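Residue-level structural notes
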Amino acid sequence: QVQLVESGGGLVQPGGSLSLSCVASGTIFSMNGMAWYRQAPGKERELVAGINIGGMKQYSESMKGRITVSRDNAKNTVYLQMNSLKPEDTAVYYCYVEYLTSSDDANYTYTWGQGTQVTVSS
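Calculation criteria
- Residues numbered from 1 in each chain as written.
- Predicted model: local features only at pLDDT ≥ 70, side-chain atom pairs only at ≥ 80, totals over all residues.
- Heavy atoms only, no water.
- Salt bridge = Lys/Arg side-chain N within 4 Å of Asp/Glu carboxyl O.
- Buried < 20%, exposed > 50% of the residue type's maximum accessible area, 1.4 Å probe, protein only.
- Helix = DSSP H or I, 4+ residues; strand = E, 2+ residues; numbered from the N terminus.
- Core = buried A, V, L, I, M, F, W, Y, C linked by side-chain atoms within 4.5 Å.
- Contact = heavy atoms within 4.5 Å.

**Notes on the pattern of salt bridges**
Per the counting criterion, the structure on display carries 4 salt bridges. Between Lys64 and Glu61 there is a salt bridge, with its nearest N and O atoms 2.9 Å apart. Lys64 sits in the partly exposed class, given a relative accessible area of 47%. The exposure class of Glu61 is exposed, given its relative accessible area of 64%. Two residues, Asp89 and Arg66, come together in a salt bridge whose shortest N-O distance is 2.7 Å. Linking Asp89 in the loop between strand E8 (77–82) and strand E9 (91–100) with Arg66 in the loop between strand E6 (57–59) and strand E7 (67–72), this pair joins segments that are 23 residues apart in sequence. Summarising the burial analysis for this pair, Asp89 and Arg66 share the class buried. One salt-bridge network, held together by shared partners, links Arg38, Glu46, Arg66 and Asp89.

This is the structure:
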């Protein structure tokens, strides 16, 4: 079983920055895609940023230019650097990871973190 632990959320003023991290632990043979999603009150969960095993990145249009996603495979960690934050970025941010537990696995399994609150307010 794989667990994800997110950290780095909090309260920040508009225009400020936050850095989120998500560490995966447990039985991991290899990891594939890693991503950050967010969910604001009354809204559906949406993709913020993703990064695949080859390092290819994908960003949401609403945050493109203000965020950078990265990963450290040796540490089973994915990061999200967020700059120029706006009140509308307020949401719970969730980490998402696809992984194999052994070389015998035919398909990737995925799991979610518990979420970390990001509040952008003056």
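Continuing now.
**Overview of the nonpolar core**
Ranked by internal contacts, the top residues of the largest apolar core, which has 28 residues, are Trp36, Val48, Val78, Leu80, Met82 and Tyr93. Those elements that place two or more of their residues in this core are strand E1 (2–7), strand E3 (18–26), strand E4 (30–39), strand E5 (46–51), E7, E8, E9 and strand E11 (116–120). In this structure, Leu80 is in contact with Leu18, Ser19, Leu20, Trp36, Val48, Ala49, Ile67, Thr68, Val69 and Tyr93, ignoring residues within four places of it in sequence.

**What about unusual backbone geometry?**
Although it is not a glycine, Asn76 adopts a positive phi angle of roughly 50 degrees. In this structure, Asn76 sits in the loop between E7 and E8. What makes Asn76 partly exposed here is its relative accessible area of 21%.

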